[in-house]
Amino acid sequence: MNNEILNSIRSHLAASAPHDRREQISRRLTQINADQIGVNLRQSAADLFRLSLEAVNGHCVIAQGDTDIARALTQIITDLQKTNLRAQRIAISDNPLVERLMYLTDLEIEALTVAPNDIFSYDVGISTAQAAIAETGTLVLDSADERHRLVSLVPPVHIAIVDASRICETLGEALALLRQGKELSRAVTFVTGPSRTADIELTLTVGVHGPQELYVIVNGST
Amino acid sequence: MTSQTSETFRENAKAALADVHLRGALKHATSVFGERRKQAAAGLPNWEDLRTQARAIKDEVLLHLDRYLEEFVTNAESCGAKVHWARDAAAANSIICGLATERQARVVVKSKSMTTEETHLNDALEAAGMQVVETDLGEYIIQLAEETPSHIIAPAIHKTRGQIAELFTNELGMPPTDDIAQMTRTARLTLRDHFAAADVGISGVNFGVAETGTIVIVENEGNIRLTTSLPRMHIAVMGIEKVVPRFADLDIFLKLLPRSGTGQRLTTYQSFITGVKKQQSDEGPEELHIVLLDNGRSRMLAHPVTRQSLACIRCGACLNACPVYQQIGGHAYGSVYPGPIGAVITPQLMGIEKTSQLPYASSLCGACREVCPVKIDIPQLLLHLRSEIAPRKGGVAERLVFKVWARAMMSPTLYKLSSVAGRIVQRVTPISRAWTNGRDLRPIESKSFHDLWNE
């Protein structure tokens with residue numbers, strides 16, 4: 001590659017060479033340690049995940065198997081229907097698991113697949129997450145496996161279902177998982193709690209551009 | 001407010017000091033951010049190691065920036081992104097306006113990007129006939145108010161809720177309220193219309209990963225996700241210094257950046273974008289353009305002292321820690337980048353002629369260096385820049401004074417004579433009014449150490 005900017009970089013680096021003691025610059029780039037912040041090893045990953053998520057205004061339910069998850073979904077949505085969040089129109093991702101679980105509930109789903117220009121009219125979005133991070137309460141959404149970029153973002157409520165076995169302890173583990181044995185997906189999103197801002201007088205307000213409420217159902221029976 | 005320049009820094013600072021409301025807001029904001037940062041850093045036992053490693057990675061990248069950029073570009077393009085090189089602000093703006101015009105864009109949504117503030121992209125897009133909408137809440141507020149950001153991560157830090165409510169009532173027809181949640185809701189609804197109508201989304205970039213060609217963007221609000229998901233074209237503007245070698249390096253930077261900026265363990269959202277979607281039915285834009293901006297950055301590589309400016313990850317921690325910023329805020333600097341890091345970056349980006357007061361906007365206390373997550377020695381940089389300014393600025397009188405002083409120091413008789421003279425002069429005249437206005441000058445002792453020793 002050759003262009004004006006690369007040439008400028010090369011000539012300025014060459015000018016700098018006499019001033020540099022390059023050998024002193026650490027090249028320890030291969031060894032990066034995952035740290036163990038606040039990780040209490042006696043706690044299960046699911047419990048730690050729940051604590052971390054609740055610390056950032058998210059809600060977490062730990063369920064055992066499909067029937068239990070369907071019950072949790074029904075509970076969350078009927079409770080929301082009593083609030084000003086309405087929760088009438090529900091959009092779900094294209095993950096077959098979500099569709100199956102929705103049939104197990106008594107809820108009416110208005111649409112299963114959503115066109116992008118229609119997404120703004122939905123009250124709740126439901127998807128799965130491909131992984132999670134316990135130390136930060138983070139969901140890992142991988143677009144290669146599911147179409148959930150918009151259902152997880154646009155409706156005022158996002159409900160995500162994640163397998164307990166997919167919860168990593170640390171951020172470093174989750175990053176490694178994304179690259180393990182496969183090409184990196186075109187779009188990966190980490191989600192830690194509901195959308196937030198503090199741009200007005202540093203006052204925390206949830207639900208700016210993304211969801212105001214985030215519920216995660218951890219499936220502990222896998 | 002918006003017309004302040006770096007050339008009038010002293011006057012700007014004086015005006016800011018007289019603004020009681022501004023100082024109250026700054027005191028609150030900088031102390032809250034500072035305290036949160038401190039707690040977040042204390043939560044990681046290996047914080048110091050992380051800083052050292054982060055800096056080592058940045059040094060490695062900068063010393064071989066050409067190679068890492070080539071690797072980044074090759075990998076990003078192999079995943080379907082198109083990379084453009086822009087040597088300066090004008091080149092970047094013309095590339096971006098060209099792309100948007102090609103798309104026949106009428107509405108452009110933007111997520112917060114200091115780099116596009118640096119190039120004044122909004123003016124260029126508007127001149128090309130497009131409506132540009134800032135979507136970060138703070139940026140949206142200052143866009144409506146026709147102001148500029150006063151803090152790297154909290155752009156509207158200088159405005160009260162009352163001012164913002166009035167602005168929203170006048171501009172957006174919001175019923176009068178002092179409820180922040182209501183104001184936020186108003187912005188959400190108004191901006192959704194813009195998102196739905198937007199043809200092009202423009203974002204910044206926090207990290208570009210060389211080995212995968214991935215761009216990483218961090219945020220709390222969700223407007224970056226919308227900007228990079230809904231419009232058919234996404235343009236990402238990235239300073240050439242934003243490259244990191246490996247995907248695993250993000251483990252270090254994603255720990256340091258949010259903790260240093262807002263005291264969070266992670267910001268709410270991290271978007272990792274690698275090229276464009278593979279199938280038409282997938283979500284996301286059809287086109288991704290990455291504009292690599294030099295704009296004076298490659299020049300900073302020419303010396304190890306100036307080169308470290310390029311290690312900055314734009315967390316804003318040095319602003320909050322700086323006793324000067326704490327008193328005068330961001331606008332007084334008259335530059336896109338305020339605070340200690342602004343005082344060193346701005347003269348290097350914009351040239352020292354119009355910004356020569358900025359390297360003096362510091363007491364060299366070193367608080368910025370203490371909090372910097374990538375250990376940039378800002379005081380060293382300030383001194384380096386001052387040493388470039390001094391030979392140009394030092395007047396004849398100053399040079400004469402130092403010549404006389406040097407002569408006196410070399411001769412014991414002249415030295416003795418001068419201290420006697422000093423005692424008399426000090427009693428008769430206030431030596432420098434600017435200096436003694438704010439503090440007392442200790443009187444010179446009537447006997448020198450030498451005299452006392454002899455006794």
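No experiment lies behind these values; they were computed from the predicted model shown.

### A short note on the pattern of salt bridges
Point 1. On inspection of all chains with the given rule, the structure shows 28 salt bridges over all chains.
Point 2. A salt bridge links Arg-87 of chain B to Glu-4 of chain A; the nearest nitrogen and oxygen atoms lie 2.6 Å apart. Residue Arg-87 of chain B is located in the loop between β1 (82–86) and α5 (89–102), and its partner Glu-4 of chain A is located in helix α1 (residues 4–16); the two belong to separate chains.
Point 3. Classification of Arg-87 of chain B as partly exposed rests on a relative accessible area of 45%.
Point 4. Between Arg-71 of chain A and Asp-68 of chain A there is a salt bridge, with its nearest N and O atoms 3.3 Å apart. Of this pair, Arg-71 of chain A and Asp-68 of chain A both sit in helix α3 (residues 65–81), three residues apart, roughly one helical turn.
Point 5. Each of Glu-118, Glu-241, Arg-297 and Arg-314 of chain B takes part in one network of salt bridges that share partners.

### Some thoughts on the layout of surface pockets
Residue and element names in this part refer to chain B.
Point 1. Put simply, the second largest pocket is a space of about 910 Å³.
Point 2. Along the walls of the second largest pocket sit 39 residues, with Glu-117, His-120, Glu-147, Thr-148 and Pro-149 positioned nearest its centre.
Point 3. Those elements that provide at least two residues to the lining of the second largest pocket are α6 (114–119), α7 (121–127), β3 (131–134), α8 (137–144) and α16 (339–350).
Point 4. When residues of the lining of the second largest pocket are assigned to their parent elements, the largest contribution, five residues, is made by α8.
Point 5. Broken down by class, the residue content of the lining of the second largest pocket amounts to 12 nonpolar, 17 polar and 10 charged.

### Here's the deal with the confidence of the model for chain A
Point 1. Averaged over every residue, the pLDDT of chain A is 88; the share at 70 or more is 85%.
Point 2. Scored below 50 in pLDDT, residues 23–41 of chain A makes 41 contacts in the model with residues more than four places away or belonging to other chains.

### Looking at helix α10 (residues 180–197) of chain B
All names here are of chain B.
Point 1. Taking 1.5 Å per residue, 18 residues should reach 26 Å; α10 reaches 26 Å between its end C-alpha atoms and fits that length.
Point 2. Of the positions making up α10, those classed as buried are Ile-180, Met-183, Thr-184, Thr-186, Ala-187, Arg-188, Leu-191, Arg-192, His-194 and Phe-195.
Point 3. Taking the backbone nitrogen of Ala-181 as reference, a side-chain oxygen 3.2 Å away marks Asp-179 as the first, capping residue of α10.

### A closer look at the interface of chain A and chain B
Point 1. Listed per partner, the contact involves 73 residues of chain A and 99 residues of chain B.
Point 2. Of all residues in chain A, the largest losses of buried area upon contact with chain B belong to Arg-186, Ile-200 and His-209 of chain A, amounting jointly to 12% of the total for that side.
Point 3. Inspection of the chain A/chain B interface yields six salt bridges.
Point 4. One salt bridge in this structure joins Arg-10 of chain A and Asp-66 of chain B, with 3.1 Å as the shortest N-O distance.
Point 5. The interface formed by chain A and chain B holds 35 residue pairs in polar contact (both at pLDDT 80 or more) in total.

### Points about the environment of Lys-82 of chain B
Residues and elements named next belong to chain B.
Point 1. For Lys-82, the location among the structural elements is in strand β1.
Point 2. Residues Lys-82 and Ile-290 lie 208 residues apart in sequence; the distance between their C-alpha atoms is 6.2 Å.
Point 3. Excluding residues within four positions of it along the chain, Lys-82 makes contact with Glu-77, Leu-288, His-289 and Ile-290.

### Details of unusual backbone geometry
Residue and element names in this part refer to chain B.
Point 1. Positive phi values are uncommon outside glycine, yet Gln-104 reaches one of about 55 degrees.
Point 2. Mapped onto the elements of the fold, Gln-104 is located in the loop between α5 and β2 (107–110).
Point 3. We note that His-120 has phi near 55 degrees; this positive angle belongs to a residue other than glycine.
Point 4. Relative to the helices and strands, His-120 resides in the loop between α6 and α7.
Point 5. Accessibility expressed as a relative area gives 49% for His-120, which makes it partly exposed.

### Remarks on the sheet that holds strand β6 (residues 157–163) of chain A
All names here are of chain A.
Point 1. Strand order in this open sheet of five strands is β1-β11-β6-β3-β2, and the pairing throughout is parallel. Edge positions in the open sheet fall to β1 (59–63) and β2 (90–92), since each of these has one partner strand only. Each strand of the sheet is rotated relative to its neighbour by a mean of 20 degrees, with strand direction disregarded.
Point 2. Relative to β6, strand β3 (residues 124–128) is paired through five bridges, and the arrangement is parallel. Its bridge partner being in β6, Ile-126 is matched across the sheet by Ile-159.

The rules behind each value
Residues numbered from 1 in each chain as written. Chains lettered and ligands numbered in written order. Predicted model: local features only at pLDDT ≥ 70, side-chain atom pairs only at ≥ 80, totals over all residues. Heavy atoms only, no water. Salt bridge = Lys/Arg side-chain N within 4 Å of Asp/Glu carboxyl O. Helix = DSSP H or I, 4+ residues; strand = E, 2+ residues; numbered from the N terminus. Buried < 20%, exposed > 50% of the residue type's maximum accessible area, 1.4 Å probe, protein only. 1 Å grid on protein atoms, 1.4 Å probe; cavity = no way out; pocket = protein on both sides within 12 Å on 5 of 7 lines; lining within 4 Å. Points joined across faces, edges and corners; volume = space filled by probe spheres on them. Nonpolar A, V, L, I, M, F, W, Y, C, P; charged D, E, K, R; others polar. pLDDT = per-residue confidence, 0-100. Contact = heavy atoms within 4.5 Å. Expected span 1.5 Å × (residues − 1). Polar contact = N/O pair within 3.5 Å; in protein donor to acceptor, adjacent residues only side chain to side chain. Buried area = accessible area lost by both parts, 1.4 Å probe. Pairing = 2+ DSSP bridges. Axes fitted to C-alpha atoms, helices over the stretch in contact; angles between N-to-C directions.

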